[in-house]
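Examination of the molecular architecture
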Amino acid sequence: QVQLVESGGGLVQAGDSLRLSCAASGRTFSTYGMGWFRQAPGKEREFVATITRSGMIRAYADSVKGRFTISRDNAKNTVYLQMNSLKPEDTAVYYCATTRVVGGTAEGLYDDWGQGTQVTVSS
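Predicted model only: the values in this text are computed from it and were never measured. (Residues numbered from 1 in each chain as written. Predicted model: local features only at pLDDT ≥ 70, side-chain atom pairs only at ≥ 80, totals over all residues. Heavy atoms only, no water.)

Attention now moves to the pattern of salt bridges. As enumerated under the stated definition, the model contains seven salt bridges in all. Where Lys65 meets Asp62, a salt bridge forms, and the shortest distance between an N and an O atom there is 3.1 Å. Taken individually, Lys65 and Asp62 each receive the classification exposed, so the pair is uniform in this respect. Across the pair Asp111 and Arg100 runs a salt bridge whose closest N-O atoms are separated by 3.1 Å. Linking Asp111 in strand 10 (residues 110-113) with Arg100 in the loop between strand 9 (92-99) and strand 10, this pair joins segments that are 11 residues apart in sequence. Looking at Asp111, the relative accessible area reads 32%, which means it is partly exposed. Note on Arg100: relative accessible area 68%, which makes it exposed. (Salt bridge = Lys/Arg side-chain N within 4 Å of Asp/Glu carboxyl O. Buried < 20%, exposed > 50% of the residue type's maximum accessible area, 1.4 Å probe, protein only. Helix = DSSP H or I, 4+ residues; strand = E, 2+ residues; numbered from the N terminus.)

The subject of this paragraph is the nonpolar core. Within the largest apolar cluster, 33 residues are counted, with the highest numbers of intra-cluster contacts made by Met34, Trp36, Leu81, Met83 and Tyr94. Elements with a minimum of two residues in this core: strand 3 (18-25), strand 4 (33-39), strand 5 (46-51), strand 7 (68-73), strand 8 (78-83), strand 9 and strand 11 (117-122). (Core = buried A, V, L, I, M, F, W, Y, C linked by side-chain atoms within 4.5 Å.)

What the rule picks out here adds up to one disulfide. Bridging Cys22 to Cys96, the disulfide has an S-S length of 2.0 Å. Taking the sign of the torsion about the S-S bond as the criterion, the disulfide between Cys22 and Cys96, at about 60°, is right-handed. Of the two residues, Cys22 is situated in strand 3 and Cys96 in strand 9; the sequence distance between them amounts to 74 residues. Relative accessible area serves as the criterion here: at 0%, Cys96 is assigned to the buried category. (Disulfide = S-S within 2.5 Å.)

This paragraph deals with the side chain of Ser21. As for its position among the elements, Ser21 is in strand 3. Apart from residues lying up to four places away in sequence, Ser21 is in contact with Val5, Glu6, Ser7, Trp36, Thr78, Val79 and Tyr80. (Contact = heavy atoms within 4.5 Å.)

This part takes up the pairing of strand 11. Along strand 11, the buried face is formed by Thr117, Val119 and Val121; none of Gln118, Thr120 and Ser122, which line the opposite face, is buried. Bridging between strand 2 (residues 10-13) and strand 11 involves four bridges; their strand directions are parallel. The residue bridging Leu11 from the neighbouring strand is Thr120, located in strand 11. Taken together, the three bridges between strand 9 and strand 11 define a ladder with antiparallel strand orientation. Considered in strand 11, the bridge of Tyr94 is made with Thr117. (Pairing = 2+ DSSP bridges.)

Everything listed here is a matter of coordinates, which is why it stays silent on function.
In structure tokens:
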């Protein structure tokens, strides 16, 4: 099992940037892919981005493509989500999760989850 701790959330204005971090422990970090999901109030959790073990393949939801970038540092056991040009509709709790599937976007393909970090974007 992998323990995940997200950080970096906060309250920002539309157009601002934030970088979320997710620190992992428990299993060798480079042996699994990682993903970011988010859940807005009253909505189901949705896929945001995913990255493979090596970082060579990345995939994004259409709603964040061109604005968000997922990356990882296997030496630091950390995955990041750089969020630029934030919009009020990006307001949500953001979760990181582990996966053994390449490019998977379905929540059921992810195994271990963090507790989430709140991102609030004001207009």
